[in-house]
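# Examination of the molecular architecture
Here are the chains, one letter per residue:
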There are 2 protein chains.
Amino acid sequence: MSLEGRTGNMQDPLVLFMPSGKRGRFPVGTTVLDAARQLGVYVESVCGGRATCGRCQVEVQEGNFAKHQIVSSNDHISPIGPKELRYAEKRTIPAGRRLSCSATIQGDLVIDVPPDTVVNAQVVRKAAIDILIERNPAVQLCYVEVDEPDMHKPLGDLDRMKVMLDRDWGFDNLLVSQHLIPQVQGILRKGNWGVTAAIHRDLEASRPNIIALWPGLHNEAYGIACDIGSTTIAMHLVSLLSGRVVASSGMQNPQIRFGEDLMSRVSYVMMNADGREALTKAVRDAVTELTAKVCAMGGVDPDNVLDAVIVGNPIMHHLFLGIDPTELGQAPFALAVSGAVHTWADDLGIGINHGARIYLLPCIAGHVGADAAGATLAEGPHRQDRMMLLVDVGTNAEIVLGNRERLVAASSPTGPAFEGAEISSGQRAAPGAIERVRIDRDTLEPRFRIIGSEKWSDEDGFAEDAEKLGITGICGSAIIEVVAEMFLAGIISEDGVVDGAMAARSTRIVEQGRTYAYLLHEGAQRILVTQNDVRAIQLAKAALYAGIRLLMEKQDVEKVDAIRFAGAFGSFIDPKYAMVLGLIPDCDLTEVKAVGNAAGTGALMALLNRDYRREIEQTVRRIEKIETALEPHFQQLFVNAMALPNKVDPFPLLSQAVDLPARAQGTDGGDGSPRRRSREGRRGRS
Amino acid sequence: MSLEGRTGNMQDPLVLFMPSGKRGRFPVGTTVLDAARQLGVYVESVCGGRATCGRCQVEVQEGNFAKHQIVSSNDHISPIGPKELRYAEKRTIPAGRRLSCSATIQGDLVIDVPPDTVVNAQVVRKAAIDILIERNPAVQLCYVEVDEPDMHKPLGDLDRMKVMLDRDWGFDNLLVSQHLIPQVQGILRKGNWGVTAAIHRDLEASRPNIIALWPGLHNEAYGIACDIGSTTIAMHLVSLLSGRVVASSGMQNPQIRFGEDLMSRVSYVMMNADGREALTKAVRDAVTELTAKVCAMGGVDPDNVLDAVIVGNPIMHHLFLGIDPTELGQAPFALAVSGAVHTWADDLGIGINHGARIYLLPCIAGHVGADAAGATLAEGPHRQDRMMLLVDVGTNAEIVLGNRERLVAASSPTGPAFEGAEISSGQRAAPGAIERVRIDRDTLEPRFRIIGSEKWSDEDGFAEDAEKLGITGICGSAIIEVVAEMFLAGIISEDGVVDGAMAARSTRIVEQGRTYAYLLHEGAQRILVTQNDVRAIQLAKAALYAGIRLLMEKQDVEKVDAIRFAGAFGSFIDPKYAMVLGLIPDCDLTEVKAVGNAAGTGALMALLNRDYRREIEQTVRRIEKIETALEPHFQQLFVNAMALPNKVDPFPLLSQAVDLPARAQGTDGGDGSPRRRSREGRRGRS
């Protein structure tokens, strides 16, 4: 929390704004709104101090806080005046609140800027971390009262409106969106010469632009933050005036009908003359549909949506913009555009206000997209001293590692195994799919849960649920878990071999030609975890881990201080199992967190505060991009990472939390330390 | 011609650029192009000094011109190098010419920047005045060679192109038109990483914008300058690289089918729900059609048209932009927008390059439009010490009066009489219409010419032409002439009364009830100039003259130094007759000029040099707008102006050039000065 001072005349009253803690001295008679603006405390106001919009409400405490006492006297703020009374008659002002445009400073004050109306709106997140998003949106609503036409001064309606936007709001060089030009005259007359203009001013070097107009006072402005994933499109609808998330929703990316994974969609574009157009239309239609949906959920007129921030992986990003993604499917994986893109909603047609803008976060590299940039913005490794690892696993894993000093990024070709593809009983996360697995260390009997049921398979009532849903396969997150549990139960060795000798102990170990498999479920469908399945997971995890190790080598660190798992995969897997399998490096488990759709959170931040746009643009420019394919060392790292957990890296922090099987002799010191317990030892304890 | 100096090291060679006269000292080895740029001499270059575009050709003279001698030695300029040779092999360079990007300064030089290639292109005008338009168009072509994609530095194609546009051309903060984003990657590859970008940078305060892209070196950029008149739409197609007018054409404004004059079109909009849309579509379609026509005439691909400048009266201006003009039809005649409008060709759909821009000059007032602004820019009263009167006559006369110090403007409701409406035998200018008239002072017999024939009515062969064409009516310009000739022949008095007593002298004077008329032609159609016709002309000319006098009063001047008649009306009437009738104030006849479509010339200037845009924007802001309807004195001026010539104002300069009938006794001093010759006296002389 930064405490900015403003040294006025020492006789002037001292005003402290909370929660920002900004403070300064102002002459008696200064409005609270003016004081807030001078200190850079963002208090919304649409009506320009006319006490009609009610957006600038604050809670006033008073007193001589220099001595840390709040004296309950009433003479430090001006009494409620006629303008405030008029507003309070029409709409209610909660007790203790004042309109900051009308209330003036009469003595020392503590002002609470309440989060519900306007400022410093806290975005509620599923995951643990709360981010305080100070609002500074790219779109601002400005109400003005325009002079009526005058034959003596034949300035046009638009021109007279600009004069007032300059005088009242300080915009001295406004451009105006073409589609508004024919509407200005009608809107001004309908509003009886009062009009609210939406001003977009994202690019500091560019001129601010009038993008929308309404007759009279218009008090609603919304934005959407959208993460276009290859599987799921997620969207938040947010009030730009209060920062409140009004509605959130998601839908399947309809491009899936052209190909499940990214590369099959690129192939579709390459093989079909109108492939690119079809994929672009599909994703834009979906964004349009989802926008309509969140607007309906929030009771918001889509015409009041004035800004949009989009993130997505490079292929989604390119297809949304109408760019052929073919180049991204082959070396050198050239992005058509990597920098942030500023464009118009109308050009892309997503069904919001005609003048609305769209901002796409920059892409980091050919396989590390605007989604990774969004996650970086949300989790903020660049704002920390700690060495933070940020991982978003999909068909490619996008990896960012670094701190305030230096950031490196890479993508690693994990393949689709983590998503359940290439796995014999793998399937999408859907009702009936196994999502959690535990294996008894002694009996090797499994228990599991399926999506759609609250019960474990050994609990009463599970059979009924299973009857209803079926037990159809293993979803991505459970594959990690079952292989990790097999490892922890000693069914597979550090090298990933299913131990045939175990077949003598349990009928769960079944022979399949020259290899063995683990029978997870015997029913309508026989669900096995085969040797090939284990190998597929090993390959995928080795790719991810090798990518991470490569970045750790670039950063010259042997450990990371924090790990953030972004994305749907990260939300469903248990970080512990990810570490047991060696997807991620050793770390204090309390510092390993699934952060959900961090990319979407980053989009939300960029939507609510344009400073975050500059922050991520600058950050992406300084991220060092590592192309794994060009690193000769990567192959060795990959081979090293095949073992469970990795042969070359000890996981001391993990082994404090989890009973790992003993390491194969010869690959470690075998020093007999407490963490190196034998299988027998563990068995003996259980 | 400004002579700007650049004081370099006195040992350095001195270089003089002609015709601008700009000079400076530059170190040996400086390219001529660099020297030109440092002095602000505009030399085009598309290829960025690669000696491939050939746009930067100059003629090199050499010598010690400090002593005003040009020494014919060859060592003051570098010898022709390999790059120039390569260009000369592929395309010819005329003898004596060099590519200024390759030739370097070795000693004192005189450099001629030839008008045909590039610079200071002189626009040929029908009328007498030549305007030297120094080119500084809003659109510039920039060729760059872009680095190929590199996995180590995964900057996007667009981003790497921007790097080069910054490095080679100094554009460090480019925006890019959305429609180009999907095209960048294909264009770069097609051009083998060489690309020509069209950069639009009109608004100094705004960021320059990439509006078009071509693979490889693209050497063509055009613009259109268009004057949308209520009757005629006129257009020039110009090369933005050479300044050459490639083609000019015009067509009838198809809005005529909705109403002949402006007010009837406004009525159409008011009476029909889709009236505004229909009129907007009509004018935009016409501009599109005319653009296609001039492009076809000039052999220019419309996709190479990158900029457009439009002028028009306020109603045409509003309808073209899609603005309802109803407000302009009633007090307070409020313009929806008066300032210059920057917009996109795509939004208005006129069939040029998708990224092309459109610039509309500012409107001066509700009845004084962007056409008057264009005429002002072309004729430049604001650049002069002389008091210049600029008149554009239509249904409304747009009047600007002033000089460097101060400008005033007004419109005056002349009505449609000057255009042949409200005149008994009036008609549009079309084959068969009488366009020139002379009346014999003694016999009162007329002779005339009709449109479509080269012969006067008393010449051999006229009868055959008349047989073919018919003699159908009197066009606007001839109405002025016939009434003026009637006045000069004594048929009508100073008060405008057709003298019935003349009927005794000539059968040309015919009785019509209680008034008399002049029989101009007896044939299939009987063409009369009636008392009502004379009254209509008197009313129209009084309105015009009263408007002018009002502005003269505002300027506190009794005479004007120069008069410019702009527009079609001005092109066809003889300024002498206009003055005889008292449409315009007394002036030296050699200073009264018809300047044709000055509005279109102004548009052309603004197209070729964006500095003219700033000039007219600033000028229009300081023009004082006078609304005749609000001036209590205007009625008196109007009444005073009814007489022929005006009762209150002597016309000493006119009477030196034309035998005016004697003034009615009692309205002047009757001082017997030489200009006051009696009718008898003149008759005696003839």
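The structure displayed is predicted, hence computed values, not measured ones. (Residues numbered from 1 in each chain as written. Chains lettered and ligands numbered in written order. Predicted model: local features only at pLDDT ≥ 70, side-chain atom pairs only at ≥ 80, totals over all residues. Heavy atoms only, no water.)

### Side note on the confidence of the model for chain A
Residues and elements named next belong to chain A. Looking at chain A as a whole, its pLDDT mean stands at 86, while 90% of the residues score no less than 70. Mean pLDDT in chain A bottoms out at strand β6 (residues 122-123), which sits at 35, and peaks at strand β15 (residues 305-312), which reaches 97. pLDDT under 50 marks residues 117-130. Its contacts with residues more than four places away, or in other chains, come to 47 contacts. The model gives residues 664-686 a pLDDT under 50, and that stretch makes 24 contacts with residues more than four places away or in other chains. Both scores are given for the predicted complex: the pTM is 0.83, the ipTM 0.82. (pLDDT = per-residue confidence, 0-100. Helix = DSSP H or I, 4+ residues; strand = E, 2+ residues; numbered from the N terminus. Contact = heavy atoms within 4.5 Å.)

### Section: the sheet that holds strand β22 (residues 446-450) of chain B
All names here are of chain B. If you trace the 3 strands from one edge of the open sheet to the other, you get β22-β21-β23, paired in mixed fashion. The sheet terminates laterally at β22 and β23 (473-474), the two strands that pair on one side only. Bridge count for strand β21 (residues 433-439) against β23 is 2 bridges, and the pairing is parallel. Directly across from Ala 433, in β23, lies its bridge partner Gly 473. (Pairing = 2+ DSSP bridges.)

### Things to note about unusual backbone geometry
All names here are of chain A. Residues Ala 331 and Pro 332 are joined by a peptide bond in cis, for which omega reads 0 degrees. Inspection of the secondary structure puts Pro 332 in the loop between α7 (314-321) and β16 (341-344). Backbone geometry places Leu 444, a non-glycine residue, at a positive phi of 65 degrees. Assignment of secondary structure puts Leu 444 in the loop between β21 (433-439) and β22 (446-450). Using a relative accessible area of 0% as the deciding quantity, one classes Leu 444 as buried. (Buried < 20%, exposed > 50% of the residue type's maximum accessible area, 1.4 Å probe, protein only.)

### So, a negative patch on the surface
Residue and element names in this part refer to chain A. A cluster of acidic residues, Asp 458, Glu 459, Asp 460, Glu 464 and Glu 467, forms a negative patch on the protein surface. Relative to the helices and strands, Asp 460 is located in the loop between β22 and α10 (462-469). Its relative accessible area of 72% is what places Asp 460 among the exposed residues. (Patch = residues over 30% accessible without salt bridge, like charges linked within 9 Å, V, L, I, M, F, W, Y side chains within 5 Å. Areas by Shrake-Rupley, 256 points an atom, 1.4 Å probe, with all protein chains shown as cover. Salt bridge = Lys/Arg side-chain N within 4 Å of Asp/Glu carboxyl O. Lys, Arg positive; Asp, Glu negative; His and termini not counted. Charge placed at Lys NZ, Arg CZ, Asp CG, Glu CD.)

### Comments concerning the interface of chain B and chain A
At the junction of the two partners, chain B supplies 45 residues and chain A supplies 45 residues. Taken together, the two surfaces of chain B and chain A that pack against each other cover about 3,900 Å², and 61% of this comes from carbon and sulfur. It is Met151(B), Gln178(B) and Gln185(B) that lose the most area in chain B upon contact with chain A, and together they represent 18% of the buried surface on that side. Put simply, chain B and chain A have 2 salt bridges between them. Taking the shortest distance from any N to any O, the salt bridge between Arg189(A) and Glu327(B) comes out at 2.9 Å. The interface formed by chain B and chain A holds 18 residue pairs in polar contact (both at pLDDT 80 or more) in total. Of all the secondary structure elements, the ones that give two or more residues to the side of chain B that touches chain A are α3 (157-169), α4 (184-190), β16 (341-344) and α8 (345-348) of chain B. Partitioned by chemical class, the residues of the side of chain B that touches chain A number 25 nonpolar, 11 polar and 9 charged. (Buried area = accessible area lost by both parts, 1.4 Å probe. Polar contact = N/O pair within 3.5 Å; in protein donor to acceptor, adjacent residues only side chain to side chain. Nonpolar A, V, L, I, M, F, W, Y, C, P; charged D, E, K, R; others polar.)

### Details of the side chain of Ser249(A)
All names here are of chain A. Structurally, Ser 249 is set in strand β14 (residues 245-252). In this structure Ser 249 comes out as buried when scored by relative accessible area, which is 15%. Setting aside chain neighbours within four positions, we find Ser 249 in contact with Ile 233, Ala 234, Met 235, Leu 290, Lys 293, Val 294 and Met 297.

### What about α10(A)?
Residues and elements named next belong to chain A. Among all positions of α10, only Phe 462, Asp 465 and Ala 466 are buried. Viewed end-on, α10 has its buried residues packed into an arc of 100 degrees, placing them on one side of the element. Seen from the buried face of α10, the exposed residues on the opposite side, beyond 90 degrees, are Ala 463, Glu 464, Glu 467 and Lys 468. Within two residues after α10, Gly 470 carries a phi angle of roughly 80 degrees, on the positive side. (Arc of directions from axis to C-beta.)

### Overview of the packing of helix α9 (residues 370-379) of chain B against helix α16 (residues 610-622) of chain B
Residue and element names in this part refer to chain B. In the contact formed by α9 and α16, the axes pass within 10 Å of each other and the chain directions differ by 115 degrees. Taken as axis vectors, α9 and α16 run roughly perpendicular relative to one another. Crossing of α9 against α16: the hand is right-handed. For the pair α9 and α16, contact is made by Ala 373, Thr 376 and Leu 377 and by Tyr 612, Glu 615, Ile 616, Thr 619 and Val 620, respectively. (Axes fitted to C-alpha atoms, helices over the stretch in contact; angles between N-to-C directions. Parallel < 35°, antiparallel > 145°, perpendicular 65-115°, else oblique. Left-handed = near helix turned anticlockwise from the far one by under 90°.)

### Some words on the pattern of salt bridges
Residue and element names in this part refer to chain A. According to the stated counting rule, one finds 56 salt bridges over all chains in the structure shown. Between Lys 281 and Asp 285 there is a salt bridge; the shortest N-O distance is 2.5 Å. Residue Lys 281 and its partner Asp 285 are located together in helix α6 (residues 275-298), separated by 4 residues, close to a single helical turn. Classification of Lys 281 by relative accessible area gives exposed; the value is 53%. Note on Asp 285: relative accessible area 38%, which makes it partly exposed. A cluster of three or more residues bridged by salt bridges with shared partners is formed by Asp 202, Asp 307, Arg 613, Arg 614 and Glu 617.

### Quick look at a positive patch on the surface
A cluster of basic side chains, namely Lys83(A), Arg86(A), Lys90(A) and Arg91(A), defines a positive patch on the protein surface. Take Lys83(A): it is sitting in helix α2 (residues 82-90).

### What to know about the relation of the copies chain B and chain A
With an RMSD of 0.2 Å, the fit of chain B onto chain A corresponds to turning through 180 degrees and sliding 0.0 Å along the axis. Taken together, these values place the two copies in the relation of a two-fold axis. By C-alpha distance to the rotation axis, the residue of chain B lying nearest is Ser206(B), at 2.5 Å. An overlap of 100% is found between the interface residues of chain B and their copies at the interface of chain A, pointing to a shared contact surface. (Least-squares fit on C-alpha atoms with pLDDT ≥ 70 in both.)

### Description of the packing of α6(A) against α7(A)
Residue and element names in this part refer to chain A. Contact pair α6 / α7: the axes reach a minimum separation of 8 Å and the direction vectors enclose 90 degrees. In terms of axis orientation, α6 runs roughly perpendicular to α7. In this structure, α6 contributes Arg 276, Leu 279, Thr 280, Val 283, Arg 284 and Val 287 to the contact, and α7 contributes Leu 319, Phe 320 and Leu 321. Looking at the contact of α6 with α7 residue by residue, the class counts come to 6 nonpolar, 1 polar and 2 charged.

### Some words on the environment of Glu59(B)
All names here are of chain B. Looking at the secondary structure, you find Glu 59 in strand β3 (residues 57-62). For Glu 59, a relative accessible area of 30% puts it in the partly exposed group. Separated by 41 residues in sequence, Glu 59 and Ser 100 have C-alpha atoms that sit 9.0 Å apart. Those residues in contact with Glu 59 that lie beyond four places of it in its chain are Gly 96, Arg 97, Val 110, Ile 111, Asp 112 and Pro 114. For Glu 59, the side chain forms a polar contact with the side chain of Arg 97, separated by 3.0 Å.

### A look at empty space enclosed by the protein
All names here are of chain A. In total, this model carries 9 cavities of 30 Å³ or more according to the counting rule given. In this model, the largest cavity occupies a volume close to 120 Å³. Ala 365, Gly 366, His 367, Ile 626 and Glu 627 are the residues nearest the centre of the largest cavity, which is lined by 15 residues in total. Per element, the largest residue contribution to the lining of the largest cavity is 3 residues, and it comes from strand β20 (residues 407-412). In terms of residue class, the lining of the largest cavity is made up of 9 nonpolar, 4 polar and 2 charged. (1 Å grid on protein atoms, 1.4 Å probe; cavity = no way out; pocket = protein on both sides within 12 Å on 5 of 7 lines; lining within 4 Å. Points joined across faces, edges and corners; volume = space filled by probe spheres on them.)

### Some points on the environment of Glu615(B)
Residue and element names in this part refer to chain B. Its location among the elements puts Glu 615 in helix α16. Contact partners of Glu 615, with chain neighbours within four places excluded, come to Leu 377, His 382 and Arg 383. At a separation of 2.6 Å, a polar atom in the side chain of Glu 615 contacts the side chain of His 382.

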